[in-house]
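Architecture and fold: a report
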Amino acid sequence: MKGKDIFINFVIWIIIILASLLTFINLTTKKNGVTYFFGYVPVNVKHDSMSPTIKNGDYIITKKYTDQTIMEGDIISFVTTFNGKSIILTHRVISILDDGSYKTKGDSNINQDEFIVNDIDIVSIYTGIRIPRFGKLVSFLQSKSGFFMVIVIPLCGYIIYQLYNIFMLITEKGGAV
């Protein structure tokens, strides 16, 4: 096998493994639009309200909330309604109310959030792990065009390449397999 063949096979296998991993993560234990992966929740940040700590397009790793103690200053991801749509928002806890609910605020926001966050709304707690701009790649891969360009086209190319190799092998052997 030539060096070029080895490189092409390597690249194709990396793409297939990454695509399989992302698909597995998205399909495993998805509950209420939230992906839980071995007790962790990957969150694709789609707003700048936590800048500069967490920026739009970042991918953060959070730990699934299971009644852990939350303190002022912790960053939590929670379900809320925005423009009539249920979303996951990641903000900092700025105060804990007497009834055990939380007031939150984005680091770059001037005002605190108008709503109160209850334990039932909390999805996860930020672990401090942030992958800059990886969320933009994940959003692209989750789109139809991204999936087609990064998964379908390379996979078809790999199949065609393997069929070509089989054809060349058959013709080298004089038609006998």
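Look above for the structure.
Worth saying up front: this structure is predicted, and the values here are computed from it rather than measured.

On to the sheet that holds strand 4 (residues 59–64), then. Strand order in the open sheet formed by 6 strands is 3-4-8-5-6-7, and the pairing between neighbours is antiparallel. Only two strands of the sheet have a single neighbouring strand rather than two, namely strand 3 (40–44) and strand 7 (102–105). The average undirected angle you get between the axes of adjacent strands in this sheet is 50°. Here strand 5 (residues 75–82) pairs with strand 6 (residues 85–96) via 8 bridges, running antiparallel. Opposite Phe82, over in strand 6, you have Lys85 as the bridge partner.

Our focus in this paragraph is the pattern of salt bridges. Under the defined criterion, the tally for this structure stands at 2 salt bridges. Of the charged contacts, one joins Asp58 and Arg130 as a salt bridge, the two residues approaching to 2.8 Å between their closest N and O atoms. Of this pair, Asp58 sits in the loop between strand 3 and strand 4 while Arg130 sits in strand 8 (residues 122–131), and the two are 72 residues apart along the sequence. Residue classification places Asp58 among the buried positions, given a relative accessible area of 2%. For Asp107, the salt bridge goes to Arg92, with nearest N and O atoms at 2.8 Å. Of this pair, Asp107 sits in the loop between strand 7 and strand 8 while Arg92 sits in strand 6, and the two are 15 residues apart along the sequence. By relative accessible area, which is 26% here, Asp107 ends up partly exposed.

Omega for the peptide link from Ser51 to Pro52 comes to 10°, which places this bond in the cis form. With respect to the secondary-structure elements, Pro52 resides in the loop between strand 3 and strand 4. With a phi close to 55°, Asn83 is a non-glycine residue in the positive phi region. Mapped onto the fold, Asn83 is located in the loop between strand 5 and strand 6. Phi at Arg133 takes a positive value of approximately 65°, unusual for a residue other than glycine. For Arg133, the location among the structural elements is in the loop between strand 8 and helix 2 (134–142). Since its relative accessible area comes to 61%, Arg133 is described here as exposed.

Inspection of helix 2 places Gly135, Val138 and Leu141 among the buried residues, and these make up the whole buried set. With its buried residues spanning 120° around the axis, helix 2 presents them on a single face.

Bringing the side chain of Asp113 into the picture now. The topology assignment puts Asp113 in the loop between strand 7 and strand 8. Although Asp113 is buried, it forms no salt bridge, and the closest oppositely charged side chain is Lys103 at an N-O distance of 7.3 Å. A distance of 2.4 Å separates the side chain of Asp113 from the side chain of Thr104, its partner in a polar contact. When sequence neighbours within four positions are dropped, the list of residues in contact with Asp113 reads Phe78, His91, Lys103, Thr104, Lys105 and Gly106.

Next up on the list: a nonpolar patch on the surface. Nonpolar side chains collect at one region of the surface, where Leu137, Phe140, Phe148, Met149 and Ile153 lie side by side and expose about 460 Å² of accessible area between them. The element contributing the most residues to the nonpolar patch is helix 3 (residues 144–172), with 3 residues. Take Met149: it is sitting in helix 3.

With that out of the way, let us pick up the pairing of strand 7. Residues Tyr102 and Thr104 line one face of strand 7 and the alternating positions Lys103 and Lys105 line the opposite face, and both faces are buried. From the end of strand 6 to the start of strand 7, which pair antiparallel, there are 5 residues, and Gly100 there has a positive phi angle of about 90°.

Reading the values: the criteria
- Residues numbered from 1 in each chain as written.
- Predicted model: local features only at pLDDT ≥ 70, side-chain atom pairs only at ≥ 80, totals over all residues.
- Heavy atoms only, no water.
- Pairing = 2+ DSSP bridges.
- Helix = DSSP H or I, 4+ residues; strand = E, 2+ residues; numbered from the N terminus.
- Axes fitted to C-alpha atoms, helices over the stretch in contact; angles between N-to-C directions.
- Salt bridge = Lys/Arg side-chain N within 4 Å of Asp/Glu carboxyl O.
- Buried < 20%, exposed > 50% of the residue type's maximum accessible area, 1.4 Å probe, protein only.
- Arc of directions from axis to C-beta.
- Lys, Arg positive; Asp, Glu negative; His and termini not counted.
- Polar contact = N/O pair within 3.5 Å; in protein donor to acceptor, adjacent residues only side chain to side chain.
- Contact = heavy atoms within 4.5 Å.
- Patch = residues over 30% accessible without salt bridge, like charges linked within 9 Å, V, L, I, M, F, W, Y side chains within 5 Å.
- Areas by Shrake-Rupley, 256 points an atom, 1.4 Å probe, with all protein chains shown as cover.

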